[in-house]
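# Descriptive analysis of the structure
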Amino acid sequence: MSCQSKVASNLPAIAIAAIFLATLLLWYWLDCSVPIFDSANHLLKSYACRDILLSDQTIVQKAINISRLDALYPPLTYFVSALYKIVFGSGIWIDRLPVISFYCLMCLSAYK
C-alpha cells in the first residue's frame, strides 16, 4: 500500500481529529474564565509537582512525593504539566498545553 493510499484511507479520521482540535483551540481562545473545580485542581497539583521536581530531594523522594499528591488523576498528568511549566514558564497557554498534547496523543493512538 502506497503512502498516498494510506493517507487517503485515513483522511476521515484525520479530518475529524483536526476539527476537534480546532474546536478545542477556539474554545481555549474564547475562554477567559478563572479556572474552577477540576481545572483549578489540575493547576494546583501541577504547581505542587513542579515545586517537588525543582526541590533538592533525591529522585526517589521526588517520586514518592509526586505519588502522594492526593490527586484524582494519575501522577503522569501532573508530571507532564509540571514539565511544561519548568521548560516554558507560567501562563494561560502553558497550562493548556498538556490537554492539547494529550488530545493529540489520544488521536494518534485511537486512529493509528
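Residues numbered from 1 in each chain as written. Predicted model: local features only at pLDDT ≥ 70, side-chain atom pairs only at ≥ 80, totals over all residues. Heavy atoms only, no water.

### Focus on the nonpolar core
Which entries qualify depends on this criterion: Only buried residues count toward a nonpolar core. Its members are Ala, Val, Leu, Ile, Met, Phe, Trp, Tyr and Cys residues joined through side-chain atoms within 4.5 Å. Only protein chains enter the area calculation, which uses a 1.4 Å probe; residues under 20% of their type maximum are buried, those over 50% are exposed, and those in between are partly exposed. A run of H or I in DSSP becomes a helix once it reaches four residues, and a run of E becomes a strand once it reaches two; helices and strands are each numbered from the N terminus. In what follows, a contact means two residues having at least one pair of non-hydrogen atoms within 4.5 Å.
Counting 7 residues, the largest nonpolar core consists of Cys49, Ile52, Leu53, Ile66, Leu69, Tyr78 and Ala82. Those elements giving two or more residues to this core turn out to be α3 (37–54) and α5 (75–88). Element by element, the count of residues in this core is highest for α3, at 3 residues. With sequence-adjacent residues up to four places away left out, Cys49 is seen in contact with Ile66, Leu69, Tyr78, Phe79 and Ala82.

### Section: helix α2 (residues 11–30)
Condition: Take the number of residues in a helix, subtract one, and multiply by 1.5 Å to get its expected span. The directions from the helix axis to the C-beta atoms are what the arc is built from.
For α2, spanning 20 residues, the distance from its first C-alpha to its last is 28 Å, which sits close to the expected 28 Å at 1.5 Å a residue. For α2, the full list of buried residues reads Ala13, Ala17 and Tyr28. One face of α2 carries all of its buried residues, which in axial projection span an arc of 40°. Turned more than 90 degrees away from the buried face of α2 sit Pro12, Ile19, Trp29 and Leu30, all of them exposed.

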